[in-house]
Amino acid sequence: GAGGVRLGSRQFSGEDEGVDLAAADAAIEARGLAGLSTLYLAIGDAVAGVLAIEDPLLPEAPRVLRELTDRGVARLVMLTGDAAAPAAIAARELGIADYHAQALPEDKTRIVRELRAAGHVVAMVGDGINDSPALSAANVGIAPRHGADIAQAAADILLAEGSLQSVVALRDIAAGLMGRLHANFRAICLINSVILGLGLMGRLAPGVSALAHNLATVGIALASLRPYLPQQSPNGDDSHDRQLH
């Protein structure tokens, strides 16, 4: 009603509810709060107050993004529901040129789908309710265990630790696994080609060929059981390096 109280973002208060935000924006600018996330408190059609919220970056975020780039992640995109000013500040501190501010859940999902349609393999990291549709739309959705329940349900992978460094460890584990799979495939193809060639030339009896093939298969399988360590991070931080089986 006319005297209703509403609290929301710029998009909700200004665009959806039609509240005049000019005076509030002037007050925000005058107090040097333009770089913070803001919520507008409206009583009726007038702004009664503004909440300026500082949402600092995780200390390890810039380093983690650099490490992901070093490991072959070709494109980093930041999707945030924050206003343009705080989003620009965060993107600059993170070194991300490609970012989208005031992104609604459907915007995040659309962008993820557009990236996939362009041929990218997309890993989405998010912990909020608004991230859950995009987590489902990505090739791989990653959420921390402390995130919203719906984000955890939508994600393919849950990070047990709260640190973003776990994303780097996850990348290392995946790269190690794929490297081992490709090496096994090449070895099997080479060994079987040699066995087949010798058999066709009459150098190996059929029984010996079958035995050699099965021994090679068992040998490759046993070799795959050996433990491996994820790659050590470029800055020497091996806190996430653990022996894996």
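Sequence order sets the numbering: in each chain, residues are counted from 1 along the sequence as written. Where local features are concerned, this predicted model is filtered to residues with pLDDT of at least 70; where side-chain atom pairs are given and counted, the filter is 80 or more; whole-chain, interface and lining totals use all residues. Hydrogens and water molecules were not included; the side-chain quantities draw on all heavy atoms of the structure.

Peer 1: Sorry, what's going on with the overall build of the protein here?
Peer 2: In terms of regular secondary structure, the protein is built from nine helices and eight strands. For 245 residues, the compact-globule estimate of 2.2 N^0.38 gives 18 Å, and the C-alpha radius of gyration of the protein, at 26 Å, exceeds that figure by more than 25%. Along the longest, intermediate and shortest principal axes, the C-alpha atoms of the protein span 95 × 35 × 30 Å. Out of the 245 residues belonging to the protein, those deemed buried represent 29%. Labels follow the DSSP assignment, with helices taken as runs of H or I lasting at least four residues and strands as runs of E lasting at least two, numbered in each case from the N terminus. Only C-alpha atoms enter the radius of gyration, while the globule expectation follows 2.2 Å times N to the 0.38, with N the number of residues. Relative accessibility thresholds used throughout: buried, under 20% of the residue-type maximum; exposed, over 50%; partly exposed, between the two (1.4 Å probe, protein chains only).

Peer 1: Any chance you could explain a nonpolar patch on the surface here in plain terms?
Peer 2: Patch building starts from residues that exceed 30% relative accessible area and form no salt bridge, then joins like charges within 9 Å and nonpolar side chains (Val, Leu, Ile, Met, Phe, Trp, Tyr) within 5 Å. Each accessible area is a Shrake-Rupley estimate made with a 1.4 Å probe; only the visible protein chains count as cover when residues are assessed. By convention in these notes, a salt bridge is any Lys or Arg side-chain nitrogen within 4 Å of a carboxyl oxygen on Asp or Glu. On the surface, Val5, Leu7, Leu41, Ile43, Leu51 and Ile53 cluster together to form a nonpolar patch covering roughly 510 Å² of accessible area. Listing elements by their share of the nonpolar patch, those giving two or more residues are strand S1 (5–8), strand S2 (37–43) and strand S3 (46–53). Its location among the elements puts isoleucine 53 in strand S3.

Peer 1: Help me out: how do you make sense of helix H8 (residues 165–200) in this one?
Peer 2: Since the α-helix packs 3.6 residues into each turn, any two residues three or four apart lie on the same face. A rise of 1.5 Å per residue sets the reference length of H8, with its 36 residues, at 52 Å; its end C-alpha atoms lie 53 Å apart and thus fit the reference within 8%. The set of residues buried in H8 consists of Gln165, Ser166, Val167, Val168, Ala169, Asp172, Arg180, Asn184 and Ile195. Elements that come into contact with the buried residues of H8 comprise helix H3 (61–70), strand S8 (157–159) and helix H9 (206–224). Glycine 202 sits one or two residues past H8 and shows a positive phi near 80°. By this rule the span expected of a helix is its residue count minus one, scaled by 1.5 Å. Here a residue-residue contact requires only that any non-hydrogen atoms of the pair lie within 4.5 Å.

Peer 1: For this particular structure, what's the right way to read the confidence of the model for the protein?
Peer 2: Parts of the model with low pLDDT should not have their predicted coordinates read in detail. Looking at any residue, its pLDDT shows the predictor's confidence there, from 0 to 100. Mean pLDDT for the protein: 85, with 91% of residues reaching 70 or above. Here residues 233–245 scores under 50 on pLDDT; set against residues more than four positions off or in separate chains, the count is 36 contacts.

Peer 1: Can you walk me through the sheet that holds S8 in this structure?
Peer 2: Consider a sheet: its strands pair through backbone hydrogen bonds, and that pairing is either parallel or antiparallel. Read from one edge to the other, the open sheet built from three strands follows the order S6-S7-S8, with strand pairing classed as parallel. Of all the strands in the sheet, just strand S6 (123–125) and S8 have a single pairing partner and so form its edges. Strand after strand, the sheet turns through a mean of 25° between neighbouring axes, direction not considered. Criterion used throughout: strands pair if DSSP finds at least two bridges between them. Both strand S7 (residues 140–144) and S8 contribute to a ladder of three bridges, which runs parallel. Within S8, the position partnered with proline 144 by the bridge is leucine 159. Only the contacting stretch of a helix is used when fitting its axis, a line to C-alpha atoms as for every element, and angles between N-to-C directions run 0 to 180 degrees.

Peer 1: How do you make sense of the packing of H3 against H8 when you look at a structure like this?
Peer 2: The relative placement of two packed helices comes down to the angle between their axes together with the axis-to-axis distance. The N-to-C vectors of H3 and H8 enclose an angle of 15°; their axes lie 9 Å apart at closest approach. On the basis of their axis angle, the class for H3 and H8 is roughly parallel. H3 and H8 meet at a crossing whose hand is left-handed. Residue-level contacts link Arg63, Val64, Glu67 and Leu68 of H3 to Gln165, Val167, Val168 and Arg171 of H8. Looking at the contact of H3 with H8 residue by residue, the class counts come to four nonpolar, one polar and three charged. With respect to orientation, any angle under 35 degrees is reported as roughly parallel, any angle over 145 as roughly antiparallel, any angle of 65 to 115 as roughly perpendicular, and every other angle as oblique. Whether a crossing is left-handed or right-handed is set by the direction in which the near helix is turned from the far one by less than a right angle, anticlockwise for left-handed and clockwise for right-handed. Each residue receives one of three labels: charged for Asp, Glu, Lys and Arg, nonpolar for Ala, Val, Leu, Ile, Met, Phe, Trp, Tyr, Cys and Pro, and polar for the others, Gly being one of them.

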